[in-house]
Each structure stands twice: as C-alpha cells, then as structure tokens.
Amino acid sequence: MAFKIVIAEDEDITLKHLVKALQKDGYLVDGTQNGADALQKIESDHFDLLIADIKMPGLTGIQLLETIKERQLDLEVIIITGYGSIGSVVDAMKKGAYDYVTKPFDLDELLLKVGKIRDQKLLKKENVALKAYAGMDKKVSIIAKSASMNNILATIDGMKDSDCNVLLTGETGVGKSLLAKIIHFTSRRQGMPFLSINCATLTEELLASELFGHEKGAFTGAIKTKQGLVEIADTGTLFLDEIAEMAPNLQAKLLKVIEEGEFYRVGGTRPVKVDVRFIAATNQNVRSIIAEGRFREDLYYRMNIMEISIPPLRDRRDDIMPLCTYFLEKHILSSRKKISGFTKEALDVLMHYSYPGNVRELENIVERAIILEKGDVISPASLPQTIKMFQIETIEPDRVKTIEELNKEYASKVLEMFGDNKSKAAEVLGISRTSLWRILKEE
Ligand SMILES: Nc1ncnc2c1ncn2[C@@H]1O[C@H](COP(=O)(O)OP(=O)(O)OP(=O)(O)O)[C@@H](O)[C@H]1O
Ligand SMILES: [Mg+2]
C-alpha cells in the first residue's frame, strides 16, 4: 500500500531534509513552504498524512488542522512546533492532531511516529477487508457434468492467476452469481473480500453512493464521509450483477476506475486509488443493449476481456440428474424426511422439462417435491403439473409422436390436473365433452 505524505514547512533546509529522509524510508512525499499551497494539495489528491509547521505564511499548521477536521478528510496530522511551546501543542492536540514533534527534531522519533500511523492505517484497511471476508459464504460447490459446464470450469481454472475482468452472460438462474464466486475463490484474491451489488435494485444516486461512497455534505443527509464498495473491495473482487441496468453516467465512472485505478467519491475532489477486479453479469443480450445505447461499448470492451456465456439448462441436460441429486441432498437436511431419490418416471419428467427459470427453477421444484412427497422416493405426483405438461413439448428424434398421440397425452394430463372432471377439462381445452372423449379413446 502506497502511503502518501505532504509536508508543509516554511524553512527551506528543514523541508528538504524531511522530504529526503521520508522518501528514503519508502514514502511518497510532496513538500511545500506555504500553508495555502498545502491545503490545495490535500484537496486535490489523496494523502494519508500531513506534517505541518505550526507557524507558516498563508495558512498556519493549526488552521490546516482545523480545516481537515472540519471537512472530515481522512488524513492524520503531525504538527511541528518551533519553540516547544506547551500552549500551542495542547491546542493542536485538542483540535485532533495525531501527534507533534518539536524543532530541532529527532529524525528517528519522527520516522517512528510516521511508521506507527502507516501501520494503523494498514490495519484498519485489513480490518475492513477481514470483516467483509468474515461475512461471506465461502462454501461454494458447483455441479458440472455436461461438456459445456466443464469447458467453463476449465476456462476459469485457466485464469486463476490472472486479474482480468470477466463478463458473465446467460439467462436468469443459470448460475452467473455462483460462477462469480467461484472465479473469486479460485483466484489469487481469494483471501480478500468478494463484494457484490445488484445494479438493478437502486436508483442512480443511491447506486453511485453505494459504489463510490461520498464525502461529508455531498448531498442532504450525507452527514459523514462514507466509503463505497469500490473502496472496500480494494485488493479483492467486486461483482456487479445486472450491469446493463447501470445508468450511463455511472458506467463512465466505472470505466475510469477500470482504466486508471482511481475514482472520486460523490462530492469528492481527491481521487482515491484502488486495485479491484471486476466481474459483471447480465441476463440480457449484450449486442442488443449496446445497440440500444444502454450499455457503453467502451465499458463492454473493458469488461469482456473474458466473456463467459453460460448455456441454459435445457441445452445441457447432462447436468439435470446430478443437480436433482445435489438439491435433494441439500434440502433433505432441513426437512427431517427420509427420501432416498427419484422414481424413474419422476426423473423422466425432470429430464424433459424446458426450465425457463434454469437451475433456480430446478432447485425450487426439488425443494417443493421434498415437502409434498409422502413416500421415500420422489414420484411424479410431487412434481408441479405444469412441468408434466411441458414434457410433451420436447421432441426426441428417435421417438417422434403423432399429433393424435400428443393430443391424447395432453388431454389426459389436463384431465388429471382437474381431478378427472371432464366438463372442466373440455372447457379449458376449448373443445366439447364429446371431442374430449374421442381424443382420449384414440388408439
Ligand atoms: N451448476 C450449479 N451447481 C449447483 N448449484 C447451482 C448451479 N448453477 C446454479 N446453481 C444454484 O442455482 C441458483 C441460481 O443460480 P444463480 O443465482 O447463480 O443464477 P444467476 O444466473 O445469477 O441468476 P439471475 O440472472 O437471476 O441473477 C443458486 O442457488 C445457485 O447456487
Ligand atoms: Mg444472479
């Protein structure tokens, strides 16, 4: 972590001496002989520490300190006093200075104090990261039997040493959020925070403040300086879900973070430096939202350094059975039931459904079946009617059904759905009772 110091000291020789000594210790140092100039530097760049002489032209060290505290700028202040005058030292400490040194000063003592501030800052940063990390669910398992999912996992494995941004695309429920976690927890950043935000659920203002934080007084209600997710995720990964819903303004701001590794808090004048890896997801067709101007093309090119497109579940049916078993095992634990598996008929229904809600829908179906099932294996009776009806929509090349067969199958399912009430079934199907009877009799 770079630690930046600004020194305001009007004595030329002392200033040069200080700058050199601190630079030698590995700090990034900027110096000025003028208090007003120091303030300008603090306002336009992000410093961690100000070392200021109490007596200076322009602004005094005390005035600088007052301004910093009043605006809640997050940098510490060490005051240099020329005369060891207890009065001004007490005043400075009361006003919130971190410490003071007296002139002529002991350089080692100053370096020790600066080192302490740097260590504290580092610790604070690690604490924030640690807290975010502690709250995370780090247990992520993924089921992948199909060739397409295995290809995706191989791709992810191949980039575990890379920091490249990733764009995940795919229909709702295919596992984009899950894959984002897997990418993070298999990467070099796994010990650092993984934070996520859904860009579709907040207004533009709120999203801006969530992402980039704000300075005190940036808008009504901004009573305290607040760190945004981009800052908290520093050294880790930030997952931007439904990125296509982000306002173009914010997309531009995000692009700057990706390109330059820095951003401004809302209402802020000083850039904040960060090192964040971005993973974004969308369930929309990227080409069309770019064409509609809803997703900035330049951001797209920065995000899709790696684009991973997750196919819908119906296009990777090899995953269905292992997912059924996985979700059964997952949800049986909390149900106090003893269900060991699925009947062949139930699996047949599950295998042939089209899953518009993808894996999420499959999980819901299994969870519901566990609740409804009275036996010790899941049977078609515990599966939703709608998915049983869907079965007939699937065409198997080696067993094409005739229209008559289809009609019969469909009609009997609808009949079953309405508890064998023929009038009701006929009404729903838009045919007469006689026609229904004929269809059902067909050989
Ligand atoms: N391959 C998989 N193995 C195990 N669980 C999975 C798999 N894919 C998805 N899931 C689970 O299915 C649910 C839906 O997945 P997820 O939330 O990642 O989908 P999504 O693509 O992000 O959906 P949305 O577009 O609606 O945000 C989650 O509970 C997830 O853990
Ligand atoms: Mg998701």
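Residues numbered from 1 in each chain as written. Chains lettered and ligands numbered in written order. Predicted model: local features only at pLDDT ≥ 70, side-chain atom pairs only at ≥ 80, totals over all residues. Heavy atoms only, no water.

Caption draft 1: Geometry of the overall build of the protein. Secondary structure summary: the protein contains 19 helices and 14 strands in total. The C-alpha atoms of the protein give a radius of gyration of 32 Å, which is well past the 22 Å a tight globule of 443 residues would have. Summarising its shape, the C-alpha atoms of the protein cover approximately 110 × 45 × 40 Å along the three principal directions. In the protein, which comprises 443 residues, the share counted as buried stands at 45%. Surface exposure of the protein reaches about 22,700 Å², of which carbon and sulfur atoms provide 53%. Side-chain charges of the protein comprise 60 positive and 66 negative groups, with the mean position of each set lying 4 Å from the other. (Helix = DSSP H or I, 4+ residues; strand = E, 2+ residues; numbered from the N terminus. Rg over C-alpha atoms; globule rule 2.2 N^0.38 Å. Buried < 20%, exposed > 50% of the residue type's maximum accessible area, 1.4 Å probe, protein only. Areas by Shrake-Rupley, 256 points an atom, 1.4 Å probe, with all protein chains shown as cover. Lys, Arg positive; Asp, Glu negative; His and termini not counted. Charge placed at Lys NZ, Arg CZ, Asp CG, Glu CD.)

Caption draft 2: Expanded view of the site of ligand 1. Within the structure, ligand 1 sits among 18 residues, and Ile-143, Thr-172, Gly-173, Lys-176 and Ser-177 are positioned closest to it. With respect to ligand 1, the backbone of Gly-175 contributes an N or O atom lying 3.1 Å from an oxygen atom. One of the side-chain N or O atoms of Arg-360 is found 3.1 Å from an oxygen atom in ligand 1. Expressed as a share of its isolated accessible area of 630 Å², the protein-covered part of ligand 1 is 85%. (Near = heavy atom within 4 Å. Polar contact = N/O pair within 3.5 Å; in protein donor to acceptor, adjacent residues only side chain to side chain.)

Caption draft 3: View of the domain arrangement of the protein. Annotation of the protein at the domain level lists domain 1 (4–131), domain 2 (147–309) and domain 3 (315–441). Placing the centre of domain 1 and that of domain 3 at their C-alpha centroids yields a distance of 71 Å. (Domains from an automatic or database assignment.)

Caption draft 4: Seen up close, the packing of aromatic side chains. In this structure the tally under the stated criterion is eight aromatic pairs. With 6.1 Å between their ring centres and 75 degrees between their planes, Phe-295 and Tyr-300 make a pair best called edge-to-face. Residue Tyr-300 is classed as buried on the basis of its relative accessible area, which comes to 2%. Positioned over the ring face of Phe-47 is Lys-4, at 5.4 Å from the centre of the ring. The ring of Tyr-100 has Lys-113 sitting right over it, with the charged end atom 5.7 Å from the ring centre. (Phe/Tyr/Trp six-rings, centres within 6.5 Å; stacked < 30°, edge-to-face > 60°. Lys NZ or Arg CZ within 6 Å of the ring centre and 35° of its normal.)

Caption draft 5: Looking closely at the environment of Gly-58. Looking at where Gly-58 falls in the secondary structure, it is placed in the loop between β3 (49–53) and α3 (61–70). Along the chain, Gly-58 and Asn-34 lie 24 residues apart, while their C-alpha atoms are 5.9 Å from each other. Residues contacting Gly-58, with those up to four places away along its chain left out, are Asn-34, Ala-36 and Gln-63. (Contact = heavy atoms within 4.5 Å.)

Caption draft 6: Region of the structure containing the layout of surface pockets. Looking at the second largest pocket, its volume works out to about 720 Å³. Gly-175, Ser-177, Leu-178, Val-359 and Glu-363 are the residues nearest the centre of the second largest pocket, which is lined by 27 residues in total. Counting only elements with at least two residues in the lining of the second largest pocket, the list comes to α7 (176–185), α13 (320–332) and α15 (358–372). Examining the composition of the lining of the second largest pocket, we find that five residues originate from one element, α7, more than from any other. Classifying every residue of the lining of the second largest pocket gives 11 nonpolar, six polar and 10 charged. Looking at which domains feed residues into the lining of the second largest pocket, each of domain 2 (147–309) and domain 3 (315–441) supplies at least three. (1 Å grid on protein atoms, 1.4 Å probe; cavity = no way out; pocket = protein on both sides within 12 Å on 5 of 7 lines; lining within 4 Å. Points joined across faces, edges and corners; volume = space filled by probe spheres on them. Nonpolar A, V, L, I, M, F, W, Y, C, P; charged D, E, K, R; others polar.)

Caption draft 7: Expanded view of the pattern of salt bridges. Per the counting criterion, the structure on display carries 32 salt bridges. Linking Lys-95 and Asp-91 is a salt bridge whose minimum nitrogen-to-oxygen distance equals 3.1 Å. A relative accessible area of 30% places Lys-95 in the partly exposed class. Of the residues examined, Asp-91 reaches a relative accessible area of 28% and is grouped as partly exposed. Taken together, the shared-partner salt bridges in this structure form one network comprising Asp-74, Glu-215, Glu-231, Arg-265 and Arg-270. (Salt bridge = Lys/Arg side-chain N within 4 Å of Asp/Glu carboxyl O.)

Caption draft 8: Looking closely at α3. The complete set of buried residues in α3 reads Gly-61, Ile-62, Leu-64, Leu-65, Thr-67 and Ile-68. Buried residues in α3 make contact with β1 (4–8), α2 (35–44), β3, β4 (76–81) and α4 (86–94).

Caption draft 9: Region of the structure containing the sheet that holds strand β7 (residues 194–198). Pairing within the open sheet is parallel, and its five strands lie in the order β7-β8-β11-β6-β12. Each end of this open sheet is capped by a strand with a single partner; those strands are β7 and β12 (306–309). Direction aside, the axes of adjacent strands within the sheet are offset by 15 degrees on average. Of the strand pairs in this sheet, strand β6 (residues 166–169) and strand β11 (residues 277–282) are connected by four bridges, and their pairing is parallel. (Pairing = 2+ DSSP bridges. Axes fitted to C-alpha atoms, helices over the stretch in contact; angles between N-to-C directions.)

Caption draft 10: Structural detail: the environment of Ser-309. By the secondary structure assignment, Ser-309 is in strand β12. Its relative accessible area of 47% is what places Ser-309 among the partly exposed residues. In this structure, the C-alpha to C-alpha distance between Ser-309 and Asn-283, residues 26 residues apart in sequence, is 9.8 Å.

Caption draft 11: Summary view of the side chain of Asp-48. In this fold, Asp-48 is placed in the loop between α2 and β3. Here Asp-48 falls in the buried class, since its relative accessible area comes to 8%. Polar side-chain contacts of Asp-48 include one of 2.9 Å to the side chain of Lys-121. Apart from residues lying up to four places away in sequence, Asp-48 is in contact with Ala-2, Phe-3, Lys-4, Leu-75, Glu-76 and Lys-121.

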